[in-house]
Structure formats: C-alpha cells, structure tokens
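Listed below, chain by chain, are the residues.
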Amino acid sequence: MHRTLSSLRIAILALAVALPCCAQTMPEHQHEKAPVSTHLTVTVDGKPTTLAVEDLQAMPQKTITVHNEHTKMDETYTGVLLSDLLAKYGAPFDKPGEKKIFHSYLRAEGTDKYYVLYSGSEVEPTMHNAEVIVAITLNGKPLADDGQFKLVASGDKRPARWVRNLSSISLVAVP
Ligand SMILES: Nc1nc2c(c(=O)[nH]1)N[C@H]1C(S)=C(S)[C@@H](COP(=O)(O)O)O[C@H]1N2
Ligand SMILES: [Mo]
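Note that the coordinates shown come from a computational prediction; the quantities given were computed from them, not determined experimentally.

A. Quick look at the sheet that holds strand β1 (residues 40–44). Reading across from one edge, β2-β1-β10-β5-β6 is the order of the 5 strands in this open sheet, with mixed pairing throughout. Looking at strand neighbours, the two that pair on one side only are β2 (47–51) and β6 (115–119), the edges of this open sheet. Going across the sheet, the axis of each strand differs from the next one's by a mean of 15°, ignoring polarity. For strand β5 (residues 104–110) and β6, the ladder comprises 5 bridges, and the chain directions are antiparallel.

Written as structure tokens, this is what we have:
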C-alpha cells in the first residue's frame, strides 16, 4: 500500500514536470533557427557570383509591402528586384534573352537547405504583375534572424516561398 502511494506520487510529479514542456508546441508560423546568411551566390549559365549585402545596397532599391498570412502583419521589405540581379549577372530580359527566361526556373535556397522554385517568367516584372525581390531590410531595419537576404514575393497568399536566410539563387534552363 505504502509502495503504491509513493509510486503514484512519483508518477504525478513526473507528469507535472513533463507537461509544461509538452505544452510548448510551436505556433504554426514559428520555425527552427537557420544559420544567418551572410553571402548570396547568384548562378546564371552555371557561372556563380558571390555577393555581399553591400553589392545589393549599391543597386537600385525596390520596396514592397506584403501581408504575412502567418504573422497577420503587414511587412515592408526593401531590396533588389530579382530580375535586376539576374540581368546584372547574365540573364537580361531583352528580345534575345527572353526565350532563355521563359525556358528557365529559379531555385532559391536558404542556409538551412530549404528551397523553392519560381518560374523565370514569374520573376520578370514586364511579364508578371507580382514582384519578387531579394530583400535586405524589413520595416527599415536589417533582417536580423532572417539573415542578410530574404526572398519575398508579393503575389503569394502565404509566405511559404519566401526564403529566409537566402544563400543561393540559380537560374536553370529546362531543355
Ligand atoms: N530558410 C527557410 N525559409 C523558409 C522556411 C524554412 O524552413 N527555411 N519555411 C517557409 C515556410 S513553409 C513558411 S510558412 C515561412 C514562414 O516564415 P515566417 O515564420 O518568417 O513568417 O517561411 C518560409 N521560408
Ligand atoms: Mo509554411
């Protein structure tokens, strides 16, 4: 009898310790921390160029305000249009270049290896209404935990294709 009581006490104690820990399930929009991105590699025609945040700061800046469906907040991002980056590093969207863009996809990857695809046409503002930028600030401040670069698209209903801690973008032609 004595024995049963004390093991019951131990069981209750163990439950009391374990419960608050199990209750800490993460809200849907929260995420594991990824290593902070400090460089961005842009690859066009298999040729990689590694950029620092200063390289993007020196380019024309684009600001977009988007609604983050997970945080339920409006967020204002500033950075460089992805199409400007592609044009600068070998994929201009001009008459000779447009076929290449039409036949290519973009693979954008974060430091945690999370990656998403966009089609070439979808990131080209002369083709598509929504804007895709490589952001370097959020609400006027550096991105902090989201790294130095974050891919943000104004046309998506939820932020799943926004890539925090963006570390590489490749334009890949589909034969
Ligand atoms: N690097 C990286 N970016 C990512 C993810 C990820 O796991 N790693 N998850 C995506 C998904 S599925 C969502 S819903 C949003 C959520 O980001 P937030 O919590 O910053 O709003 O980030 C997207 N970008
Ligand atoms: Mo998500």
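B. Fine view of the nonpolar core. Among the nonpolar cores identified, the biggest contains 38 residues, and Y77, L82, L85, V134, L151, L166 and I169 are the most heavily contacted of them. A per-element tally of this core places strand β7 (residues 132–138) first, with 5 residues. Apart from residues lying up to four places away in sequence, L166 is in contact with S37, H39, L40, A108, E109, G110, V134, F149, K150 and L151.

Cut-offs used in this document
Residues numbered from 1 in each chain as written. Chains lettered and ligands numbered in written order. Predicted model: local features only at pLDDT ≥ 70, side-chain atom pairs only at ≥ 80, totals over all residues. Heavy atoms only, no water. Pairing = 2+ DSSP bridges. Helix = DSSP H or I, 4+ residues; strand = E, 2+ residues; numbered from the N terminus. Axes fitted to C-alpha atoms, helices over the stretch in contact; angles between N-to-C directions. Core = buried A, V, L, I, M, F, W, Y, C linked by side-chain atoms within 4.5 Å. Buried < 20%, exposed > 50% of the residue type's maximum accessible area, 1.4 Å probe, protein only. Contact = heavy atoms within 4.5 Å.

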